[in-house]
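Spelled out, the chains give:
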Amino acid sequence: LNIMSSADWAEVRELQALLQNTQRRSTVYTLAERNWVEVVSKVVELGLIEIIHTIDGSDYLTQQQLEREVRNELTQRGGRVNLVDLHQAIGVDLKHIEVKVNELIHNERNLELIQGELIESMYLDRMAEEVNETLQEAGHLTIAGLSKTFGLPTDFVLSVWCCVCVVTVLCCVRGVVFVVPEC
């Protein structure tokens, strides 16, 4: 008979525990960065995806990811964001931002591009509420003052104000908007 010493049994138990731990772990396969670059390059070459390189060249974005990033920035900034700020926040060339924003504006009625800023209709709704409150308190506002307050062109402010605020009766004389008592 071959008799094992207690030291041998301890080593066997240790090896058994090590084997059990190894068997319980899931196998994870990873690729080196170089291999990932080759895979992505091949998929792009085959035309299966279109990617956009970030300015620093360290990352890629798909068109769908770029759209999500633009929407996220617009939401985080309260419904109004400058295209240059989008370019800096997302980290892609400004031409990609402009193309994506124009595509979004073409497909969605709730977005407008005014002097290089993407503006969502909810921002305009909040602007109208603020203007209405101020108008109710002061009794009058100037279009130039509204334009300055919101940093928007006067013709745009006037067109938005006339379209959004249809409940209040208004009179506009030489650029000053007045609340007119109902008859």
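Residues numbered from 1 in each chain as written. Predicted model: local features only at pLDDT ≥ 70, side-chain atom pairs only at ≥ 80, totals over all residues. Heavy atoms only, no water.

> Got a minute to help me understand the pattern of salt bridges in this structure?
Note on pairing: side chains with opposite charge can pair once their charged atoms come close. All chains considered together, the criterion is met by 8 salt bridges. For Glu-108, the salt bridge goes to Arg-71, with nearest N and O atoms at 2.1 Å. Of the two residues, Glu-108 is situated in the loop between helix H5 (94-107) and strand E4 (111-114) and Arg-71 in helix H3 (residues 63-76); the sequence distance between them amounts to 37 residues. Here Arg-71 falls in the partly exposed class, since its relative accessible area comes to 32%. For the salt bridge of Glu-103 with Lys-100, the shortest nitrogen-to-oxygen distance reads 3.0 Å. Separated by 3 residues within a single helix, Glu-103 and Lys-100 lie in helix H5, roughly one turn from each other. Overall, Lys-100 belongs to the buried group, its relative accessible area being 3%. One salt-bridge network, held together by shared partners, links Glu-67, Arg-71 and Glu-108. (Salt bridge = Lys/Arg side-chain N within 4 Å of Asp/Glu carboxyl O. Helix = DSSP H or I, 4+ residues; strand = E, 2+ residues; numbered from the N terminus. Buried < 20%, exposed > 50% of the residue type's maximum accessible area, 1.4 Å probe, protein only.)

> I'm lost on helix H2 (residues 33-45) in this one. Help?
Each α-helix winds once per 3.6 residues, and so residues spaced three or four apart point in a common direction. Between the first and last C-alpha of H2 there are 18 Å, a value that for 13 residues agrees with the 18 Å anticipated at 1.5 Å per step. After H2 finishes, the residue Gly-47 shows a positive phi value of roughly 80°. (Expected span 1.5 Å × (residues − 1).)

> Sorry, what's going on with the pairing of strand E5 (residues 117-120) here?
Along any regular strand the residues' side chains alternate between the sheet's two faces. Taking every second residue as pointing to the same face, both faces of E5 are buried, with Glu-117 and Ile-119 on one and Leu-118 and Glu-120 on the other. In the sheet, strand E3 (residues 80-82) pairs with E5 via 3 bridges, with the strands oriented antiparallel. In the sheet register, Val-81 faces E5, and the bridge partner there is Leu-118. Counting the residues between successive antiparallel strands, the hairpin from E4 to E5 contains 2 residues, one of them, Gln-115, with a positive phi of roughly 45°. (Pairing = 2+ DSSP bridges.)

> Help me understand unusual backbone geometry in this model?
Trans peptide bonds make up most of the peptide bonds, and negative phi angles are found at most residues other than glycine. Look at Gln-115: it is not a glycine, yet its phi comes out positive at around 45°. Considering the arrangement of structural elements, one finds Gln-115 in the loop between E4 and E5.

> Got a minute to help me understand a negative patch on the surface in this structure?
Together, Asp-125, Glu-129, Glu-130, Glu-133 and Glu-137 line one region of the surface with negative charge. Here Asp-125 shows up in helix H6 (residues 121-138). On the accessibility criterion, Asp-125 (40% relative accessible area) is partly exposed. (Patch = residues over 30% accessible without salt bridge, like charges linked within 9 Å, V, L, I, M, F, W, Y side chains within 5 Å. Areas by Shrake-Rupley, 256 points an atom, 1.4 Å probe, with all protein chains shown as cover. Lys, Arg positive; Asp, Glu negative; His and termini not counted. Charge placed at Lys NZ, Arg CZ, Asp CG, Glu CD.)

> What am I meant to see in the pairing of E4 here?
The sheet contact formed by E4 and E5 spans 4 bridges and is antiparallel. Across the sheet, Glu-112 pairs through a bridge with Ile-119, a residue of E5.

> How do you make sense of the sheet that holds E5 when you look at a structure like this?
By way of backbone hydrogen bonds, the strands of a sheet pair with one another, either parallel or antiparallel. The strand order across the open sheet built from 3 strands is E3-E5-E4, with neighbouring strands paired in antiparallel fashion. For this open sheet the edge positions go to E3 and E4, each flanked by a neighbour on one side alone. Averaged over all pairs of adjacent strands, the angle between strand axes in this sheet comes to 20°, irrespective of strand direction. Packed onto the sheet, H6 meets E3, E4 and E5 and runs at close to 75° relative to E5. (Axes fitted to C-alpha atoms, helices over the stretch in contact; angles between N-to-C directions. Contact = heavy atoms within 4.5 Å.)

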